[in-house]
Amino acid sequence: MRIVPTNKEIKLNPRKYILSTTDLKGNITKVNDYFLEICKYTKDELIGAPHNIIRHPDMPKAIFYLMWESIKNGKNITAVVKNMAKNGDHYWVITDFEIRRDQSGKINRYMAFRQAAPKKIVATIEPLYQKLLEIEKMDGMEVSVKYLLNYVAEQGTDYNGYIAKLEKRSALTLFLLNKAKKLFSNNL
Ligand SMILES: Cc1cc2nc3c(=O)[nH]c(=O)nc-3n(C[C@H](O)[C@H](O)[C@H](O)COP(=O)(O)O)c2cc1C
């Protein structure tokens, strides 16, 4: 089923987290209630589905390429992501993609912790992503990845550092986020 984007933005509660866990292939294994409320799919529709079920066509491939390269290599990464609900509405989130390991130290799942992306960050990121999409349509993803890496390198950082600079999270935000991460990791 192809969902048509509505261009309507879903207003997120900045104090709530949209959480999910996947297997190593990116198939969803767990979600929290706020995820269900916002994406408008049922739990049955989500569990076992590939995580691109909520992919928005405005998202450049380059971002997911960098994200997968990072987590496959055991490195957490933060990315700004535009997601699409089942009815075509969208929402922007800052997402911490994190690896989890079993007792022997082997990576056994991935987790994503999402919070509403502040308007100011979306205003900066949206034109960059549009540029990456254009490049991808014309010249493919390899070229857009190069463009992105060059863009952030010019600012003396990598993608992760670029996002961290854009969004300086307060001590309280980080404290609450870490608490949610612990809770979700233990209980779901
Ligand atoms: C833990 C985890 C969470 C993810 N969350 C999202 C998400 O919120 N939105 C999204 O579009 N892709 C998410 N992905 C990435 C998807 O697996 C997929 O790579 C992406 O949607 C691009 O889809 P495509 O490869 O079919 O183009 C997530 C992956 C992992 C491992």
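Okay, so let's go over this structure. Since we're looking at a predicted model, the values are computed, not measured. (Residues numbered from 1 in each chain as written. Predicted model: local features only at pLDDT ≥ 70, side-chain atom pairs only at ≥ 80, totals over all residues.)

**Remarks on the overall build of the protein chain**
In step 1: Looking only at helices and strands, the protein chain features seven helices and five strands.
In step 2: Helices (α) and strands (β) of the protein chain occur, in sequence order from the N terminus, as β-β-α-α-α-β-β-β-α-α-α-α.
In step 3: In terms of overall size, the protein chain behaves like a compact globule, its C-alpha atoms giving a radius of gyration of 16 Å where 188 residues would be expected to give roughly 16 Å.
In step 4: Buried residues in the protein chain amount to 28% of all 188 residues.
In step 5: Sequence separation of at least 24 residues holds for 54% of the intrachain contacts in the protein chain that already meet a minimum separation of 6. (Helix = DSSP H or I, 4+ residues; strand = E, 2+ residues; numbered from the N terminus. Rg over C-alpha atoms; globule rule 2.2 N^0.38 Å. Buried ≥ 20, exposed ≤ 12 C-beta atoms within 10 Å, placed from the backbone. Contact = placed C-beta atoms within 7 Å.)

**Things to note about the sheet that holds strand 1 (residues 18–22)**
In step 1: The sheet built from five strands is open, its strands ordered 2-1-5-4-3 with antiparallel pairing. Sheet topology places strand 2 (28–31) and strand 3 (77–84) at the edges, where each strand pairs with a single neighbour. Taken pair by pair, the neighbouring strands of this sheet meet at an average axis angle of 30°, ignoring direction.
In step 2: Pairing between strand 1 and strand 5 (residues 107–116): five bridges, direction antiparallel. Across the sheet, residue threonine 21 finds its bridge partner in strand 5, namely methionine 111. (Pairing = 2+ DSSP bridges. Axes fitted to C-alpha atoms, helices over the stretch in contact; angles between N-to-C directions.)

**A closer look at the site of the ligand**
In step 1: Residues in contact with the ligand amount to 16 residues; listed here are only the nearest, Gly26, His51, Asn52, Arg55 and Ala112.
In step 2: Where the shell around the ligand is concerned, the elements lending two or more residues are strand 1, helix 3 (61–72), strand 3 and strand 5.
In step 3: Sorting elements by how many residues they give to the shell around the ligand places strand 5 first, with three residues.
In step 4: Here the shell around the ligand is built from residues that sort into eight nonpolar, six polar and two charged. (Near = placed C-beta within 6 Å. Nonpolar A, V, L, I, M, F, W, Y, C, P; charged D, E, K, R; others polar.)

**With respect to helix 5 (residues 141–154)**
In step 1: In this model, helix 5 (14 residues) spans 20 Å end to end at C-alpha, consistent with the 20 Å of a helix rising 1.5 Å per residue.
In step 2: In this structure, the buried side of helix 5 is in contact with helix 3, helix 4 (119–139) and helix 6 (159–166).
In step 3: At the C-terminal side of helix 5, glycine 156 shows a positive phi close to 70°. (Expected span 1.5 Å × (residues − 1).)

**Thoughts on the environment of arginine 15**
In step 1: Its location among the elements puts arginine 15 in the segment before strand 1.
In step 2: Separated by 100 residues in the primary sequence, arginine 15 and glutamine 115 place their C-alpha atoms 7.6 Å from one another.

**Describing the pairing of strand 3**
Moving residue by residue along a regular strand, the side chains alternate between the two faces of the sheet.
In step 1: Of all eight residues in strand 3, eight are buried; the element is thus mostly enclosed.
In step 2: Burial along strand 3 is two-sided: Ile77, Ala79, Val81 and Asn83 facing one way and Thr78, Val80, Lys82 and Met84 facing the other are all buried.
In step 3: With eight bridges joining them, strand 3 and strand 4 (residues 90–101) adopt antiparallel strand pairing. Note that in strand 4 the partner of valine 80 across the bridge is isoleucine 94.
In step 4: Hairpin connection, strand 3 to strand 4: the antiparallel pair is bridged by five residues, and glycine 88 has positive phi, about 95°.

**Structural notes on unusual backbone geometry**
In step 1: The phi angle at asparagine 7 is positive, at roughly 70°, despite the residue not being glycine.
In step 2: Under the C-beta neighbour-count criterion, asparagine 7 is labelled exposed, with 9 such atoms within 10 Å.
In step 3: Phi at lysine 40 takes a positive value of approximately 70°, unusual for a residue other than glycine.
In step 4: Here lysine 40 is to be found in the loop between helix 1 (33–39) and helix 2 (43–46).

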